[in-house]
Each structure stands twice: as C-alpha cells, then as structure tokens.
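Per-entry structural report
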Amino acid sequence: MGKVHVDGQDAGDVTLYALSTCMWCKKTRDLLSKLGVGHDYVYVDLTSGAERAGLIDELRRFNPDLTFPTLVVNGKVIIGYREKEIKSALGVM
Amino acid sequence: MVSDDDVERLYRKLKEDAESAGYHLNPDRSFVMGIVRGLLTNKERFGYMACPCRLPSGVREEDLDIICPCDYRDQDLTEYGACYCALYVSERVAKGLDELRPVPERRGSKPSPQKQTGEAKITGLSKPVWRCRVCGYLCARDEPPEVCPICKASRERFERFM
Ligand code: SF4
C-alpha cells in the first residue's frame, strides 16, 4: 500500500508519513480529517522492498531520525503529534 | 488479524503487571487499546512485540531495545512523564496532575542504555550481578532470570553489571 490521497480543502502539499500501528499517527490522521484538509498519507510499515526504500529516502530528507508521525505541509516539517503547530501550518487556527 | 478478545486480555495483563510494579498505564483507555492492538499486530508480524510507534527492522537482535517495554521507557517516564508511545505514564500524568506532552525519540540520538553501563570492577563477589536494561533491577545469581520479576523483560535483556 503506497500513498493514499484523502480529498478535502486545498491547503497545498500535505503529506503524512505514518505507521499503521502507532496511535500518535492515528491522532494526526484524525485531526487532518476533522479539519477537512486534503492530504496524502502513507503507512510506511505496510510497504516493502523498493517502495519502502524510496519512502525512507524521501522521509529522511525531511526528518533524518525517521520517526513517526512526520507531517510535511508545504515544506514545513512537523514531527510528532503537535496539534497547535499542525493547525498553524495549515492556516486553520 | 488481532481479535478484540486478545486486545482485552493483553490490556488486562499489562495493567496488572504495571500496577504491581509501580508503573501506570495511560488512563485514556481507547488510546491504550489502540497501542495494545499495535503490539499484538507487531507480534503477529515479527514474532515479538516491537514498539508500535517505531519502525522495526524485523530482525529480533536489532530490535531488542524496542521490544515493549523498551530500554527507553523509564528514562522517558522520568523526563517527560510518559513513554514514547504514551502506553505508560508517570503517576502525576495518571492522576491528571500533569498533562501528556510529546516525547522526543531517544533511540539513536544518544548512546543506547545498552552501551552506557560498563562492567564495574569489583572482585571477590561470590556471584555475578546482572542488570535488567529495561528497569534496572539487579540480582546476584549464576545466570539472569528467565523473566525480569519487575518489568517482565526476557533474559536476553539483561547485562552483566558486576
Ligand atoms: S514502553 Fe517503549 S516499546 Fe512499549 S509502548 Fe512505550 S515506548 Fe513503545
């Protein structure tokens, strides 16, 4: 399973790197849905082989520690579930 | 697939173990049930309960430090009031006196606790002393116990301390 697009209000490029087993990732996804923001998300733990390697390379550029959740909003990187920072990056205070 | 019954069973066991050893599970039950499901999912995938909030390598020896409870739990509880996933919280957080806050990843950033403890040079002991890398429990016996009596970590998580 690669990147999944979720329709919603356009806030630019919004990508969530997540793990399917992680509750902070789930909270981040729930927040994005609640805010109704269009975004892509990907469960890195459900990928393998070349796809996983590609995603890891991509994530490393934003977050060298490769931790989850990592949310990238138009180039701004938010590591961990930080509600206020996520809202302000999305411009929905 | 992990069944609801399995999740409930492990939740009860973890809660009982935690309370009997002076630890506390996060009082947010639905959040904790999600973490417990993640632990069981990882057990199905890898054969061991790797931390649900970290990306395991899938090789047990490489993931030993992040088998739940991980080597970082106690330090994070002391410093941030919660473990990285917030499965375990401090007494103050459990009682609602402190708020839960994000815990930065400790793994990899500093030398792991595995490598921090050098073997002390004390001679003349009648038995070797073993240290649990998860909770710090010490015991003097020929071999470490099969399971840590405090935090239930397995024998392979012990190191020679003296
Ligand atoms: S104790 Fe460690 S491994 Fe277990 S849930 Fe917490 S952070 Fe993850």
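All figures in this text were calculated on a predicted structure; none of them were measured in a lab. (Residues numbered from 1 in each chain as written. Chains lettered and ligands numbered in written order. Predicted model: local features only at pLDDT ≥ 70, side-chain atom pairs only at ≥ 80, totals over all residues. Heavy atoms only, no water.)

1. Section: the interface of chain B and chain A
Heads up, the rule is: Only heavy atoms enter the contact rule, under which two residues are in contact if any of them lie within 4.5 Å. Using a 1.4 Å probe, buried area is obtained as the accessible area two parts lose upon being combined, added over both of them. Counted as salt bridges are all cases of a side-chain nitrogen of Lys or Arg within 4 Å of a carboxyl oxygen of Asp or Glu. What qualifies as a polar contact is a pair of N or O atoms within 3.5 Å, subject to a donor-acceptor requirement within protein and to the restriction that residues adjacent in sequence count only when both atoms come from side chains. Throughout, the ten residues Ala, Val, Leu, Ile, Met, Phe, Trp, Tyr, Cys and Pro are labelled nonpolar, Asp, Glu, Lys and Arg are labelled charged, and all others, Gly among them, are labelled polar.
At the junction of the two partners, chain B supplies 19 residues and chain A supplies 16 residues. A buried area of about 1,300 Å², summed over both sides, lies between chain B and chain A, and 66% of it is on carbon and sulfur atoms. Ranking the residues of chain B by area buried against chain A places B:Phe31, B:Arg45 and B:Leu55 at the top, with a combined share of 42%. Our enumeration of links across chain B and chain A arrives at 1 salt bridge. The residue A:Asp45 makes a salt bridge to B:Arg45 at a minimum N-O spacing of 2.8 Å. The interface formed by chain B and chain A includes 5 residue pairs in polar contact (both at pLDDT 80 or more). The class makeup of the residues in the side of chain B that touches chain A is 11 nonpolar, 5 polar and 3 charged.

2. Regarding the site of the ligand
All names here are of chain B. Worth spelling out the cut-off: Nearness is judged by heavy atoms alone; a residue qualifies as near a molecule or strand once a single heavy atom is within 4 Å of it. Only protein atoms enter the 1 Å grid used here. Points where a 1.4 Å probe fits but cannot escape make up a cavity, open sets with protein on both sides within 12 Å along at least five of seven lines make up a pocket, and a residue lines them when an atom lies within 4 Å of a point. Criterion for pocket placement: a molecule counts as inside a cavity or pocket if more than half of its atoms are within 2 Å of its grid points.
The immediate surroundings of the ligand are formed by Cys51, Arg54, Cys68, Pro69, Cys70, Arg73, Cys83, Tyr84, Cys85, Leu87 and Tyr88. Among the cavities detected, the one that contains the ligand is the largest cavity. Of the residues belonging to the shell around the ligand, the class tally is 9 nonpolar, no polar and 2 charged.

3. Focus: the environment of A:Asp45
Residues and elements named next belong to chain A. Threshold: Only runs of H or I of at least four residues qualify as helices and only runs of E of at least two qualify as strands under DSSP, and these elements are numbered from the N terminus. Only protein chains enter the accessibility calculation, which uses a 1.4 Å probe; a residue whose area is less than 20% of its type maximum is buried, one above 50% is exposed, and one in between is partly exposed.
Examined against the element boundaries, Asp45 turns out to sit in the loop between strand S3 (39–43) and helix H2 (49–62). Taking the relative accessible area as the measure of exposure, Asp45 reaches 10% and is therefore buried. Separated by 27 residues in sequence, Asp45 and Ala18 place their C-alpha atoms 8.0 Å apart. A polar atom in the side chain of Asp45 sits 2.6 Å from the side chain of Ser20.

4. Some thoughts on the packing of helix H1 (residues 23–35) of chain A against helix H3 (residues 83–90) of chain A
Residues and elements named next belong to chain A. What counts is decided by this rule: Note on method: axes are straight lines fitted to C-alpha atoms, helices fitted across the in-contact stretch only, with angles between N-to-C directions ranging 0 to 180 degrees. Relative orientations are named as follows: roughly parallel for angles under 35 degrees, roughly antiparallel for angles over 145 degrees, roughly perpendicular for angles from 65 to 115 degrees, and oblique for any other angle. Take the far helix as the reference: if the near one is turned anticlockwise from it by less than a right angle, the crossing is left-handed, and if turned clockwise, right-handed.
It is the contact of H1 with H3, at a shortest axis distance of 11 Å, that shows an interaxial angle of 40 degrees. Classed by the angle they form, the pair H1 and H3 counts as oblique. Seen from above, H1 lies across H3 with right-handed handedness. Of the residues in H3, those touching H1 at Thr28, Leu31, Leu32 and Leu35 are Glu83, Ile86, Lys87 and Leu90.

5. As for empty space enclosed by the protein
Note the following rule: Grid points are joined across faces, edges and corners, and a volume is the space filled by probe spheres set on the points.
For the structure shown, the criterion picks out 1 cavity of 30 Å³ or more. As a volume, the largest cavity reaches approximately 80 Å³. When its residues are assigned to classes, the lining of the largest cavity shows 11 nonpolar, no polar and 2 charged.

6. Considering the pairing of strand S5 (residues 76–79) of chain A
Residue and element names in this part refer to chain A. Applied cut-off: The pairing criterion is simple: DSSP has to find at least two bridges between the two strands.
Across 4 bridges, strand S4 (residues 70–73) lies against S5 in antiparallel orientation. Counted as the bridge partner of Thr70 is Ile79 from S5. Taking the residues between adjacent antiparallel strands as the criterion, S4 and S5 are bridged by 2 residues, where Asn74 takes a positive phi near 45 degrees.

7. Some words on the pattern of salt bridges
Under the counting rule described, the total for this entry stands at 22 salt bridges over all chains. Salt-bridge contacts for A:Lys87 lead to A:Glu83; the nearest nitrogen and oxygen are separated by 3.1 Å. Here A:Lys87 and its partner A:Glu83 are both found in helix H3, 4 residues apart, which amounts to about one turn of the helix. Owing to a relative accessible area of 21%, A:Lys87 belongs among the partly exposed residues under this scheme. A:Glu83 gets classed as partly exposed once you look at its relative accessible area, which sits at 31%. Salt-bridge contacts for B:Glu156 lead to B:Arg60; the nearest nitrogen and oxygen are separated by 2.2 Å. In this pair, B:Glu156 sits in the loop between strand S4 (138–140) and strand S5 (158–160) while B:Arg60 sits in helix H3 (residues 60–63), placing the two residues 96 residues apart along the sequence.

8. Description of the packing of aromatic side chains
Geometrically, a pair of aromatic rings is defined through the distance of the ring centres and the angle of the planes. Here is the rule: Only Phe, Tyr and Trp rings take part, Trp by its six-membered ring, and two of them pair if their centres are within 6.5 Å. Stacked means planes under 30 degrees apart, edge-to-face means over 60, and tilted covers everything else. Here, over-ring charges are defined by two tests on the NZ atom of lysine or the CZ atom of arginine: distance to the ring centre within 6 Å, and angle to the ring normal within 35 degrees.
For the coordinates displayed, the defined rule picks out 7 aromatic pairs over all chains. Centre to centre, the rings of A:Tyr17 and A:Phe62 are 6.2 Å apart; their planes meet at 40 degrees, and the pair counts as tilted. Here A:Phe62 lies in helix H2 and A:Tyr17 lies in strand S2 (residues 14–18), a separation of 45 residues in the sequence. Given a relative accessible area of 1%, A:Tyr17 falls into the buried group. Using a relative accessible area of 27% as the deciding quantity, one classes A:Phe62 as partly exposed. Through successive ring pairs, a cluster of aromatic residues spans A:Trp24, A:Tyr81 and B:Phe31. One cation-aromatic arrangement involves A:Arg29 over A:Tyr41; the distance from NZ or CZ to the ring centre is 3.8 Å. Of note, B:Arg73 hangs over the ring of B:Tyr23, and the distance from its end group to the ring centre comes to 3.8 Å.

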